[in-house]
Amino acid sequence: MKNNRIYIGIFLISLATLALEISLIRFFSISQGYHFAFMIVSIALFGIAASGTFLTIKKINNPLFFSSILFSLSVLVGFFITNNIIFDPFQAILNFEHVFILLIYYIFLGLPFFFFGIIVAYSFSRFQKKAGKVYFYNLFGSAIGALASLFFISYFHTKTILVISLIGLISSLFFISSATSKAYKKKIIFLLIIINILLFLIPLEINISEYKELSQALNVPGSRLIDTRYNSFSRVDIIESSFTRYAPGLSPSFNKMLPEQIGITIDASNMNSITKYENLDFIDYLPSSVPYFLGENKKILVINSGAGLDVLAGLKNKANVTALEANPIIIKLLKNEYASYSGNIYNRANIIWDEGRGFIKGNKEKFDVIIISLAGNVLSGSAGISGLSENYLLTEEAFDEYYDSLSDDGFLVVTRWLLFPPRESLRLFSLALEIDKEAKKTAMFRSWTTVTLVLSKTDLNQDTIEKIKDFSEKNKFDIIYLPSDFIPNKNLRFKEPYYYNSIQNLLKNKDEFYKDYIFDVSPVTDNRPFYFNFFKISKIKELYNMIGQRWNPFLDSGFLIFFVLIQAFILALIFILLPIKFFNKNKKIKKSPLVYFFAIGLGYLFIEVVFIQKFILFLGHVIFSSSSIIFSMLLFSSLGALYSQRSKIKKLTKIIFILFILVIFYMFSLDFIIDLFISLNLSLKIILSILITAPLGFFMGFPFPLGIRMIKKELIPWAWAVNGSASVLSPVLAILIALFLGYNSVLFLAGLVYLIGAIFSRPGLLKAQT
């Protein structure tokens, strides 16, 4: 009965820890940027790995109760400190000492995960023969935490931190062991719970970086924040500010005032606007209005519609508009709260909560125009060199699906931010070339800030070409490419026709151009969906000479992940090697447990990362993918761990081999399964995602608890540290490998490292002597 109380405590503290990790990722996405998610994951795993090394070199008698108390307190302290000490990427460049703020983040955000690791690692040592049961409660709690975090964020917003701390305090009640001090410890807990509840009465807001668009908008005199809305995957702010005048790529020919607009940001970035229904003449001066100058396009599909300038353009031109919007809060604002503000015009469009790929796949209609909308401003675009965010709307497979959904005389129109030196415009053009091999169906033009690609279902005839020229001339846009004669660099003059020249060089010999150009501008695929990554290792010296003075590495997710990889490698070495000197030097230490636990730690996270990334395409949003996959893998791994309690240790090699076969099966079949069912509704796809992941997750729950049962008790904290160290490295390694080789290669490597683990899983090897 006493052990059951501890198991419940492990369940609760595991729930709180996973909820904390996901919540911190969300909060840092809002306050700093999405690329800081890599750092949060690294900090969490760093704290967990450090706990194993600490317990290896420092023997502690029953730390469960006080570790759970310290977990709860450090959750609050870590959040309050890091929320009030904002890392300034520009200051870090000017003053390197500012980088030490990241060290503060690592220490104070890592502490809760450290105390959680103490609890679980100690429990494995104490209940070694029941390792499967301990692992079950650990993983089952984490699985529930993955779902609970979405509920907490939706309803408690920033005060989710208080909820997580409260759960940690409740867990400590189940770790009280001494009868003599039971009443005293309960009084401490109840006092802390009361203080925690009182904190709910205090306003608690996220401090947002001054470089994010929400902060910039509110800094303009006369600006005000009208409202803030939350759901499980976003924060939507509604702003009244002159900063929010939004018309990306607006022609210099337009010389009137823009109509009044209400600003909208998502996670304090991606600025968009709701336009007041008054003079909408400016719409005709936007690059994305080009299809309405090419003919009567009656049936329009707008993907990633945001607050709807592209929707407005279609409605103004009396088209039948279907708009896909991935955020239900935006749809509600357009159709309800701000319907009268926008003259109820959006109620004339069919606005659907969906993302592009799934809708296209399940929809049999043909569209005269498909528009991929642009959101945010040029500063929030892919200004970095090695952006590592996936984008499944801009891949070869996506363009094929759009093209197949066009009517016989249809057009695909994509507008993106204009970057210098040319890179995104070239990648966009390269995607079109995969369909239009001879470049006879493609046109491209630019404003000062945007570039627009037009891809026709048929070869561009002379009439259409003349209309594009007229549209560009009327709006003083500059043509980059047409399959006909034109004058480049005519209206918006640069020193040289940089964009025209780069397209011409690409057309001469695209393979040679992809190889020699300073940026990677080759087309991306669903297996390597890093549309915003332009970095080439072979060109790093040339790249630095070209833009070194204007490049801020701390705003570039590619640099940040390399930074995380280096520190993860150093920390992993420390956590793995430090315990060696604390073992008796006269006794031989075999390396088998190191290799085994490192391999299964690496393999587990490799698989999890790949599944999360691949299911983003399937489910349409990273939060749906990560919560579904993490929940499913942890839930079924917990069941596998529980079942492992009844398994004989000698079956471990066989189980790992089954795991390898499953990994190879998924490597070849997962893309086909996703493509087959992508058109289902979201609820069915989430259920299907959980079921698809279940077999693999179940067998992934066996290796760790069986390994714990096989090794010497003194080595258990060290095994926990080694496994945690592999977990610190694996998410970063998985992304970097996928960047160059694709996600299927990461999945194959996951199978291989599990096989390496199998080689070292024989009882004679794992029974390392100390």
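Structure: see above.
Attention here is on the structure that accompanies the text. Here the structure is a predicted model, which means the values were calculated and not measured.

All right, on to the packing of aromatic side chains then. What the rule picks out here adds up to 52 aromatic pairs. Taken together, the aromatic side chains of Y7, F11, F127, F136, Y137 and F140 make up a single cluster linked through ring pairs. Stacked on the ring of F367, the Lys or Arg K299 has its end atom at 6.0 Å from the ring centre. Here the guanidinium or amino end of K685 rests over the ring plane of F618, the centre of that ring lying 5.7 Å away.

Bringing the sheet that holds strand β4 (residues 269–275) into the picture now. Pairing is antiparallel in the open sheet, where four strands are placed in the order β1-β2-β3-β4. Unpaired on one side and paired on the other, β1 (224–231) and β4 mark the two borders of the sheet. On average, adjacent strands in this sheet sit at an angle of 25° to one another, irrespective of strand direction. Sheet topology places β1 next to strand β2 (residues 234–240); seven bridges connect them, and they run antiparallel. Following the sheet pairing, N231 is matched in β2 by S234. Relative to the sheet, helix α11 (residues 328–337) contacts β1, β2, β3 (261–266) and β4, its axis offset from that of β1 by approximately 125°.

F124, I607 and F611 are the most contacted members of the largest nonpolar core, which totals 165 residues. Here this core gets 18 residues from one element, more than from any other, and that element is helix α20 (residues 592–619). Not counting residues within four places of it along the chain, the set of residues in contact with F611 comprises S625, I629, M633, Y666, L670, T693, L696 and L747. Among the nonpolar cores identified, the runner-up in size contains 51 residues, and V236, V302, F445 and L482 belong to it.

Side chains bearing opposite charge may pair, as long as their charged atoms lie close to each other. For the structure on display, the rule yields 21 salt bridges. With its nearest N and O atoms 3.3 Å apart, the salt bridge here joins K440 to E438. Owing to a relative accessible area of 59%, E438 belongs among the exposed residues under this scheme. The salt bridge involving K490 is made with E473; its shortest N-O contact spans 3.1 Å.

Turning our eyes to something else, we now look at the sheet that holds strand β11 (residues 450–456). Across the sheet, eight strands lie side by side as β7-β6-β5-β8-β9-β11-β10-β12; this open sheet has mixed pairing. A strand with exactly one partner marks an edge of an open sheet, and here the two such strands are β7 (350–353) and β12 (478–481). Each neighbouring strand pair of the sheet contributes to a mean axis angle of 20°, computed without reference to strand direction. By the bridge criterion, five bridges tie strand β5 (residues 299–303) to strand β6 (residues 320–325) in an arrangement that is parallel. Residue pairing in the sheet places I303 in a bridge with L324 of β6. The strands touched by helix α10 (residues 309–316) within the sheet are β5, β6 and β8 (367–372), with β6 carrying the most contacts at an inclination of about 170°.

One face of the sheet, then the other: side chains in a regular strand alternate in exactly this way. Across the six residues of β8, six count as buried, placing the element largely inside the fold. When β5 meets β8, the two strands line up parallel, connected through four bridges. When the sheet's bridge partners are listed, L301 is paired in β8 with I370.

Another point: the environment of K364. Within the fold, K364 resides in the loop between α12 (356–362) and β8. Note on K364: relative accessible area 73%, which makes it exposed. In this structure, the C-alpha to C-alpha distance between K364 and S405, residues 41 residues apart in sequence, is 7.7 Å.

Right, let's talk about the packing of helix α22 (residues 652–677) against helix α26 (residues 743–759) for a bit. Two quantities define a packed helix pair, namely the angle between the axes and the distance from one axis to the other. Packing of α22 against α26 brings their axes to within 9 Å, and their N-to-C directions diverge by 175°. By the angle class used here, α22 and α26 are roughly antiparallel. From α22, T653, I656, F657, L659, F660, V663, I664, Y666, M667 and D671 reach across to α26, where they touch N744, L747, F748, G751, L752, Y754, L755, G757 and A758.

Rules of the game
Residues numbered from 1 in each chain as written. Predicted model: local features only at pLDDT ≥ 70, side-chain atom pairs only at ≥ 80, totals over all residues. Heavy atoms only, no water. Phe/Tyr/Trp six-rings, centres within 6.5 Å; stacked < 30°, edge-to-face > 60°. Lys NZ or Arg CZ within 6 Å of the ring centre and 35° of its normal. Pairing = 2+ DSSP bridges. Helix = DSSP H or I, 4+ residues; strand = E, 2+ residues; numbered from the N terminus. Axes fitted to C-alpha atoms, helices over the stretch in contact; angles between N-to-C directions. Contact = heavy atoms within 4.5 Å. Core = buried A, V, L, I, M, F, W, Y, C linked by side-chain atoms within 4.5 Å. Buried < 20%, exposed > 50% of the residue type's maximum accessible area, 1.4 Å probe, protein only. Salt bridge = Lys/Arg side-chain N within 4 Å of Asp/Glu carboxyl O. Parallel < 35°, antiparallel > 145°, perpendicular 65-115°, else oblique.

Nothing here speaks to function; it is all geometry.
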